[in-house]
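Chain by chain, the residues:
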Amino acid sequence: MSFRFAAARSATTPLVRGRSLLARMTVANDTAEGEFHAATLRAALEHFARMGLSAATDARHRARAAHYRGDRQAALHWQEICRALDHRMGAALALNLARRG
């Protein structure tokens, strides 16, 4: 069996810098823009414990359902939970619901 030598890449090479920049641009945890109220965070974590990885999607569906029922309080509650779990999805939901009035 033959072995080939592959020299280690320096962190300053363009390829490595490009990869690290791309990795920073596509982070999964993108909630750094603001902090959540402790009660919202607790509710989001409890919802995540019940629903697993589909918790943000479920919260989005619940927020939409409450919005269409006219239950503003519940819609805002589920919207905040959705935003706590997935900031991008929560922001898109808020924009979508604001457009629909």
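Heads up: the structure comes first, above all this text.
Numbering of residues starts from 1 in each chain and follows the order in which that chain's sequence is written. Two thresholds apply to this predicted model, a pLDDT of at least 70 for residue-level local features and 80 or more for giving and counting side-chain atom pairs, whereas whole-chain, interface and lining totals are computed over all residues. No hydrogens and no water enter the side-chain calculation; it runs on all heavy atoms of the structure.

A closer look at the overall build of the chain
Secondary structure elements are taken from DSSP: a helix is a run of H or I of four residues or more, a strand is a run of E of two residues or more, and numbering for both begins at the N terminus. Within the chain, the secondary structure is distributed over 5 helices and 0 strands. Beginning at the N terminus, the succession of helices and strands in the chain can be written as α-α-α-α-α. Buried means the residue's accessible area, taken with a 1.4 Å probe over protein chains only, is under 20% of the maximum for its type, while exposed means over 50%, and partly exposed covers the values in between. Within the span of the chain, comprising 101 residues, buried residues form 23% of the whole. Contacts are assigned to residue pairs that have any heavy atoms within 4.5 Å of one another. Within the chain, contacts between residues at least 6 apart in sequence are counted, and of these 55% link residues at least 24 apart. Every accessible area reported is derived by Shrake-Rupley at a probe size of 1.4 Å, with residue values counting cover from the shown protein chains alone. In the structure as shown, the chain presents an accessible area of about 7800 Å², 57% of it carried by carbon and sulfur atoms.

Some thoughts on the packing of helix α2 (residues 38-51) against helix α4 (residues 72-85)
Angles here are taken between N-to-C directions and fall from 0 to 180 degrees, while the axes themselves are lines fitted to C-alpha atoms, restricted in helices to the stretch in contact. Look at α2 against α4: their axes get within 9 Å of each other, and the N-to-C directions meet at 75 degrees. By the angle between their axes, α2 is roughly perpendicular relative to α4. From α2, Thr 40, Ala 43, Ala 44, His 47 and Phe 48 reach across to α4, where they touch His 77, Trp 78, Glu 80, Ile 81, Ala 84 and Leu 85. Angles below 35 degrees are treated as roughly parallel, those above 145 as roughly antiparallel, those between 65 and 115 as roughly perpendicular, and all remaining angles as oblique.

Considerations on the nonpolar core
Buried together is how nonpolar side chains tend to be arranged in soluble globular proteins. Among the buried residues, those of types Ala, Val, Leu, Ile, Met, Phe, Trp, Tyr and Cys that are joined through side-chain atoms within 4.5 Å form a nonpolar core. Formed by Ala 43, Ala 44, Ala 56, Ala 59, Ala 63, Trp 78, Ile 81, Cys 82, Ala 84, Met 89, Leu 93 and Leu 97, the largest nonpolar core amounts to 12 residues. In terms of residues, this core owes the most to one element, α4, which gives 4 residues. In contact with Trp 78, not counting residues within four places along its chain, are His 47, Ala 59, Arg 62 and Ala 63.

Overview of the environment of Gln 79
Along the chain, Gln 79 turns up in helix α4. As a C-alpha pair, Gln 79 and Ala 59 span 20 residues in sequence and 6.9 Å in three-dimensional space. Each residue touching Gln 79, except ones within four places of it in the same chain, is listed here: Ala 63, Leu 93, Ala 94 and Leu 97.

Details of the pattern of salt bridges
Salt bridge, as applied in this entry: a Lys or Arg side-chain nitrogen positioned within 4 Å of an Asp or Glu carboxyl oxygen. In the structure shown here, the tally under the stated rule is 4 salt bridges. Put simply, Asp 71 and Arg 69 hold a salt bridge, and the shortest N to O gap is 3.9 Å. Overall, the relative accessible area of 33% leaves Asp 71 in the partly exposed class. In this structure Arg 69 comes out as exposed when scored by relative accessible area, which is 58%. Here Arg 83 ties to Glu 80 by a salt bridge, and the two come within 3.6 Å at their closest N and O atoms. Note that Arg 83 and Glu 80 are positioned in helix α4 at a spacing of 3 residues, about one turn of the helix. Residue Glu 80 is classed as partly exposed on the basis of its relative accessible area, which comes to 30%.

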